[in-house]
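Coordinates in review
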Amino acid sequence: MSRVSIGALLAMLMVTSAFAMPAEIDTDGDGMASFAEIQAFYPEVTEELFGEIDLDDDGYVNDEEFLEAVGEELIPDPVTDA
Ligand SMILES: [Ca+2]
Ligand SMILES: [Ca+2]
């Protein structure tokens, strides 16, 4: 029973990390993408668009905001468009 739960948990973690912020974007590895990091990867992203991606307005795009932005096609999927 517990073995199944751990397996499910691991599978979830693997899925999550597969969709997390790519290291190609998060170049300093802090888990968040700053405007500079986003713009280095997506030169077409303006400050205005970054504001739309940065839902909680803290100046950084976290995994959740990044996924949302890709899902809403504000920015291209870095995996499929690589
Ligand atoms: Ca970063
Ligand atoms: Ca944010």
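Our subject in this report is the structure included herewith. (Residues numbered from 1 in each chain as written. Chains lettered and ligands numbered in written order. Predicted model: local features only at pLDDT ≥ 70, side-chain atom pairs only at ≥ 80, totals over all residues. Heavy atoms only, no water.)

1. A few points about the coordination of the calcium ion (ligand 2)
What counts, and what does not: Only nitrogen, oxygen and sulfur atoms qualify as donors, and only when within 2.8 Å of the metal (3.2 Å in the case of Na, K and Ca); with water excluded, sites may look incomplete. Sites are called tetrahedral only when four donors show all angles between 85 and 135 degrees, square planar or octahedral only when four or six donors show opposite pairs over 155 degrees and all other angles between 65 and 115, and irregular in any remaining case. The classification of residues rests on relative accessible area computed with a 1.4 Å probe and restricted to protein chains. Under 20% of the type maximum is buried, over 50% is exposed, and intermediate values are partly exposed.
Coordination of the calcium ion (ligand 2) by the protein involves Asp54 (OD), Asp56 (OD), Asp58 (OD), Tyr60 (O), Glu65 (OE) and Glu65 (OE), with metal-donor separations of 2.2 to 2.5 Å. In this structure, the calcium ion (ligand 2) is surrounded by six donor atoms whose angles at the metal cover 53 to 156 degrees, and the resulting shape is irregular. Linear spacing of the donor residues for the calcium ion (ligand 2) on their chain is D-x1-D-x1-D-x1-Y-x4-E. Classification of Asp56 as partly exposed rests on a relative accessible area of 46%. On the accessibility criterion, Asp58 (37% relative accessible area) is partly exposed.

2. Description of the coordination of the calcium ion (ligand 1)
With distances of 2.2 to 2.6 Å, the protein atoms coordinating the calcium ion (ligand 1) are Asp26 (OD), Asp28 (OD), Asp30 (OD), Met32 (O), Glu37 (OE) and Glu37 (OE). Bound by six donor atoms, the calcium ion (ligand 1) shows angles of 53 to 155 degrees at the metal and therefore irregular coordination geometry. The sequence pattern describing where the donors of the calcium ion (ligand 1) fall on their chain is D-x1-D-x1-D-x1-M-x4-E. Look at Glu37 and you get buried, because its relative accessible area is 8%.

3. Comments concerning the environment of Asp58
Stated formally: For helices the rule is a DSSP run of H or I covering at least 4 residues; for strands it is a run of E covering at least 2, with both sets numbered from the N terminus onward. Here a polar contact is taken to be a pair of N or O atoms separated by no more than 3.5 Å, where protein atoms must pair a possible hydrogen donor with a possible acceptor and residues adjacent in sequence count only if both atoms sit in side chains.
Within the secondary structure, Asp58 is located in the loop between helix H3 (47-53) and strand E2 (60-61). Taking C-alpha positions, Asp58 is 9.7 Å from Ser34, a pair spaced 24 residues apart along the chain. Here Tyr60 takes part through its backbone nitrogen, which lies 3.0 Å from a polar atom of the side chain of Asp58.

Interpretation in functional terms is not warranted from these geometric data alone.
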